[in-house]
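Working through the structure, step by step
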Amino acid sequence: MRDFDLNLARLFVLLYETGSVTATADALHVTQPTVSYSLAKLRRHFDDDLFRRSGRGLTPTAGARRLYEPLQRALAQIDEATRQADEFDPATMSANFTLALSDLGETTLLPRLAAAARRSAPGVSFTVRPLDVDDAERQLSRGELDAFVATPVMATHRTVRVPLFRERYVGVVAASHPRVTGDEVTLEQLAAEHHATVFGPSGHAAPRELLAAHGLLDRVAVEVTRFTILPYLLAETDLIAVIPEYVAEIFAASHRIRLVRLPFAAEPIEIALYARPDTSRTPAQRWLIRFMTTVLGEQISTTQLPPLEGPLAVSPGSPGVDG
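Residues numbered from 1 in each chain as written. Predicted model: local features only at pLDDT ≥ 70, side-chain atom pairs only at ≥ 80, totals over all residues. Heavy atoms only, no water.

**A few points about the sheet that holds strand β10 (residues 241-244)**
Strand order in the open sheet formed by three strands is β10-β7-β11, with antiparallel pairing between adjacent strands. Edge strands, defined here as strands with exactly one partner in the open sheet, are β10 and β11 (257-260). In this sheet, neighbouring strand axes are inclined to one another by 45 degrees on average, regardless of whether the strands run parallel or antiparallel. Here strand β7 (residues 169-174) runs beside β10; their pairing, made up of four bridges, is antiparallel. Residue pairing for β10: Val 170 is matched across the bridge by Ile 243. Against the sheet, helix α11 (residues 245-254) makes contact with β7, β10 and β11, and its axis sits at roughly 105 degrees relative to β10, the strand it touches most. (Pairing = 2+ DSSP bridges. Helix = DSSP H or I, 4+ residues; strand = E, 2+ residues; numbered from the N terminus. Axes fitted to C-alpha atoms, helices over the stretch in contact; angles between N-to-C directions. Contact = heavy atoms within 4.5 Å.)

Here it is as structure tokens:
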């Protein structure tokens, strides 16, 4: 491979990670015919098709899968050696980043990101799109998003998953609920009461799964598409909802609702940041991922609810977050 062009290696890695001629051309600031011509050179060089078209873009062949890791690693080492020359300086440079967040992410993550950016990166701005977990990876690989935050584990070779923090679920009721009066709710009460739940494209399916696991889906009286409507709904009704704990604390600080402990164990969920692989990021995108990890990763926590024998302690000042 003495005559192998380093630019071809970069193009190959981008094609592998994006699965798109268009996205690769955009990332390299070249035309699509240029990418197609370079791909033909790569195919001749390796005597392999490397990529085949499928319904979701380009699918790598077995030969391409063998080539990807050594080429990606070599490029990463080269980029690391030269990165200092093209670092993004948030104090003096401008950039607009497009993020995909759920409604809970917009309510609890975005204010923290914006506040931190105003302090340390005044030239940075954010455009936020609704999170669609079924399409977010495609949007990311095609350059339509710079990053997204979600709960489902779905990283592929075209994305990198960065865990941020863990969260667990609690019940939430009106502060003056006529029957659920203590700081915990029994399974019998859950079966007797009616519920509000969320169903939509944000990927936060655990509350409904918990109800289904205990045969309670037939007790759902109201189903909405956004978590942020729940505090208004619960404050005016006798419904119960299951939502992430920190989010519940934020809602309880400004609405007439309160938290109650659930009668069954629920596995904590992990909220994660998704981005393109490092070699496919611009210097500004590399800064963004470090920035988001620092700002949001500080909220990694273990359980905040006390043991069963203690009273329910609510800390309205705690940061409420969810992807």
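**Quick look at the environment of Gly 297**
Within the fold, Gly 297 resides in helix α12 (residues 283-297). Sequence separation between Gly 297 and Leu 273 is 24 residues; the distance between their C-alpha atoms is 9.6 Å.

**Details of unusual backbone geometry**
One non-glycine residue, His 29, lies in positive phi territory at about 60 degrees. Structurally, His 29 is set in the loop between α2 (21-28) and α3 (32-46). In the Ramachandran plot, Asp 47 falls in the positive-phi region, its phi being about 50 degrees despite a non-glycine side chain. By the element assignment, Asp 47 lies in the loop between α3 and β1 (51-54).

**Description of the environment of Ala 100**
Tracing the backbone shows Ala 100 in strand β3 (residues 95-101). With sequence-adjacent residues up to four places away left out, Ala 100 is seen in contact with Arg 129, Pro 130, Leu 131, Leu 145, Ala 147, Phe 148 and Val 149.

**Focus on the pairing of strand β8 (residues 195-198)**
Within a regular strand, side chains alternate between the sheet's two faces. Residues His 195 and Thr 197 line one face of β8 and the alternating positions Ala 196 and Val 198 line the opposite face, and both faces are buried. Taken together, the four bridges between β8 and strand β9 (residues 220-224) define a ladder with parallel strand orientation. Its bridge partner lying in β9, His 195 is registered against Val 220. (Buried < 20%, exposed > 50% of the residue type's maximum accessible area, 1.4 Å probe, protein only.)

**What about the sheet that holds β3?**
Across the sheet, which stays open at both edges, the five strands sit in the order β4-β3-β5-β12-β6 with mixed pairing between neighbours. Each end of this open sheet is capped by a strand with a single partner; those strands are β4 (124-130) and β6 (160-167). Here the average twist between neighbouring strands, direction ignored, is 25 degrees. Pairing between strand β5 (residues 147-150) and strand β12 (residues 269-275): three bridges, direction antiparallel.

Taken by themselves, the reported measurements are silent on function.
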